Amino acid sequence: MNQSRILAVVMRHAFFLACLLLAGCASIAERPAPAGQVGEAFKLSGRVSVKSSTEAVSGKISWQHDAASDDLLISTPLGQGLARILRRDAVVSLTTSDQKLYQASDVEGLTEQVLGWRLPLAGLPDWVRGRAAAGAPVQTRVDGAQRLAELRQSGWLVEFLEYDAAGGLPKRLRLTRADLEIRLVIDEWRGEP
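Residues numbered from 1 in each chain as written. Predicted model: local features only at pLDDT ≥ 70, side-chain atom pairs only at ≥ 80, totals over all residues. Heavy atoms only, no water.

## Here's the deal with the confidence of the model for the protein
The condition that has to hold: Known as pLDDT, the predictor's per-residue confidence is scaled from 0 to 100. Secondary structure elements follow DSSP: runs of H or I of four or more residues count as helices, runs of E of two or more count as strands, with numbering from the N terminus. In what follows, a contact means two residues having at least one pair of non-hydrogen atoms within 4.5 Å.
The share of residues in the protein with pLDDT of 70 or more is 72%, and the mean pLDDT across the chain is 76. Element-level pLDDT for the protein is lowest in helix α1 (residues 3-22), with a mean of 48, against a maximum mean of 95 in strand β7 (residues 139-142). Ignoring residues within four places in sequence, the model shows residues 13-37, a span with pLDDT below 50, making 101 contacts including any to other chains.

## Describing the pattern of salt bridges
Short version of the rule: In the sections that follow, a salt bridge refers to a side-chain nitrogen of Lys or Arg positioned within 4 Å of a carboxyl oxygen of Asp or Glu. Exposed residues in this analysis have more than 50% of their type's maximum accessible area, buried residues have under 20%, and partly exposed residues fall in between, with area computed by a 1.4 Å probe over protein chains only.
Within this structure, the stated rule accounts for 13 salt bridges. Arg84 is paired through a salt bridge with Asp71; the nearest N and O atoms lie 2.8 Å apart. Separated by 13 residues along the polypeptide, Arg84 in strand β4 (residues 81-88) and Asp71 in strand β3 (residues 69-75) bring together distant segments of the chain. With relative accessibility at 33%, the residue Arg84 sits in the partly exposed group.

Take a look at the structure:
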């Protein structure tokens, strides 16, 4: 398999992970982010792995989010950028590792055009904070500490495997759908004022 084909496969899987993480869900009893920990604007960094029935890839993720924008960078374990998604209000751009730039008015359409499948990014800010997003039906299960343990929406199962003891935010998540498994480990949270 040539290097450009391997890179394309890695990018597809990395974007699929981001797709799962950003898929929106509504909760019957929506849980707010833990008070004083992370507001609507935040930065996080961590590790991601994607495993399907035919392939497995892993890398790093760095994400800065606020109400008007997102900056999501997916890179190799050694830090080489694979793809970057930027959202500024109604404009979305996707830059590949070979510096090709694509733009559109919606993330889902852009990722379908570039990667060949739709990437629903709307719900990730809530998922990574341990809550469902508004706008779609959801089934949830909580753990003994009344934290979200499991969330099901639009065919996806999101499992909250570990919470940070100090901040109460999710540290490890597993997302599954059909034969795909995506794992996210959040190494660092930084809330914005």
